[in-house]
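Tertiary structure, described
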Amino acid sequence: MNNLEGFPKIVTGSVDISFNKLKSLEFCPTQVHGNFTSMHNLNVDLVGSPKIVNGTYTVSSSKLKSLEGSPDKVKDYILEDLKGTKLVNLEGITQKINNLSIDCISLKSLKGIPSQIDGDFTLLNNSVKYSEFVKYHPKTIKGDFKLLRGQHPANEDAIRNIIDVKGDIIFL
């Protein structure tokens, strides 16, 4: 598949356009009532993504440089296993998110992250330095905060001093 031309504008189920070597998300549905998954394509940004995803929005692209074009509304947002990308921050990410999961080794800053995450926040492999973490982070996490030990503040107190975490802090 070279492009998504002719795709329906509204999908009542889920959409998975993974492994199609798509260079653009142009012609994606504007609304997906289930989950939307785009993994292992060649797009450099998310322009053309659905505006509303009522389920989980999962994206992984080895060419991704920007989150510009992220949906306006999603339930859960997953940036998964983005090894080899040029993505360095979260500018352009959806600002109203229930659960957020990030696994992106090229990520150097959380700049652009929503100020509030209404559910859990999982932060795995990344290159965010502590000085950047202190500068750019969610102000409130209403669920649990899961992160790899050693990449960020080493203890729960340090995290709770800068982020209002309502749930547990879990070091993985």
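See above for the structure.
Residues numbered from 1 in each chain as written. Predicted model: local features only at pLDDT ≥ 70, side-chain atom pairs only at ≥ 80, totals over all residues. Heavy atoms only, no water.

1. Quick word on unusual backbone geometry
Using the following cut-off: Secondary structure elements follow DSSP: runs of H or I of four or more residues count as helices, runs of E of two or more count as strands, with numbering from the N terminus.
Of note in the backbone geometry, Phe19 takes a positive phi value of approximately 60° without being a glycine. Although it is not a glycine, Lys21 adopts a positive phi angle of roughly 55°. Relative to the assigned elements, Lys21 resides in the loop between strand S2 (15-16) and strand S3 (31-32).

2. A word on the packing of aromatic side chains
Selection rule: Within 6.5 Å between ring centres, the rings of Phe, Tyr and Trp (the latter by its six-membered ring) count as paired, and their orientation is classed by plane angle as stacked under 30 degrees, edge-to-face over 60, tilted in between. Only protein chains enter the area calculation, which uses a 1.4 Å probe; residues under 20% of their type maximum are buried, those over 50% are exposed, and those in between are partly exposed.
One pass over the full model with this rule turns up 4 aromatic pairs. Ring centres 5.5 Å apart and planes at 10° place the aromatic pair Phe36 and Tyr57 in the stacked group. Here the residue Phe36 occupies a position in strand S4 (residues 36-41), and Tyr57 occupies one in strand S5 (residues 52-61), the gap between them amounting to 21 residues. Across the pair, exposure class does not vary: Phe36 and Tyr57 are buried alike. Between the aromatic rings of Tyr57 and Tyr77, the centroid separation amounts to 5.1 Å while the plane-to-plane angle is 55°, which identifies the pairing as tilted. You can see Tyr57 sitting in strand S5 and its partner Tyr77 sitting in strand S6 (residues 73-79), a full 20 residues away along the chain. For Tyr57, a relative accessible area of 0% translates into the label buried.

3. What about the nonpolar core?
As a reminder, the rule being used: Among the buried residues, those of types Ala, Val, Leu, Ile, Met, Phe, Trp, Tyr and Cys that are joined through side-chain atoms within 4.5 Å form a nonpolar core. Whether two residues touch is decided by their heavy atoms; if any such pair falls within 4.5 Å, the residues are in contact.
If you look at the biggest cluster of nonpolar residues, it comprises 40 residues, and the most contacted ones within it are Leu67, Tyr77, Leu90, Leu100, Ile102, Phe121 and Phe145. Elements with a contribution of two residues or more to this core: S5, S6, strand S7 (99-102), strand S9 (121-123) and strand S11 (145-147). Ignoring sequence-local partners within four residues, the contact set of Leu100 consists of Tyr77, Ile93, Ile113, Ile117, Asp120, Phe121 and Thr122.

4. With respect to the sheet that holds strand S10 (residues 140-141)
Which entries qualify depends on this criterion: Any two strands with at least two DSSP bridges between them are considered paired.
Pairing within the open sheet is parallel, and its 3 strands lie in the order S8-S10-S12. Unpaired on one side and paired on the other, strand S8 (116-117) and strand S12 (164-165) mark the two borders of the sheet. As defined by bridge partners, S8 adjoins S10 across 2 bridges and the pair is classed as parallel. Bridging across to S10, Gln116 finds its partner in Thr140.

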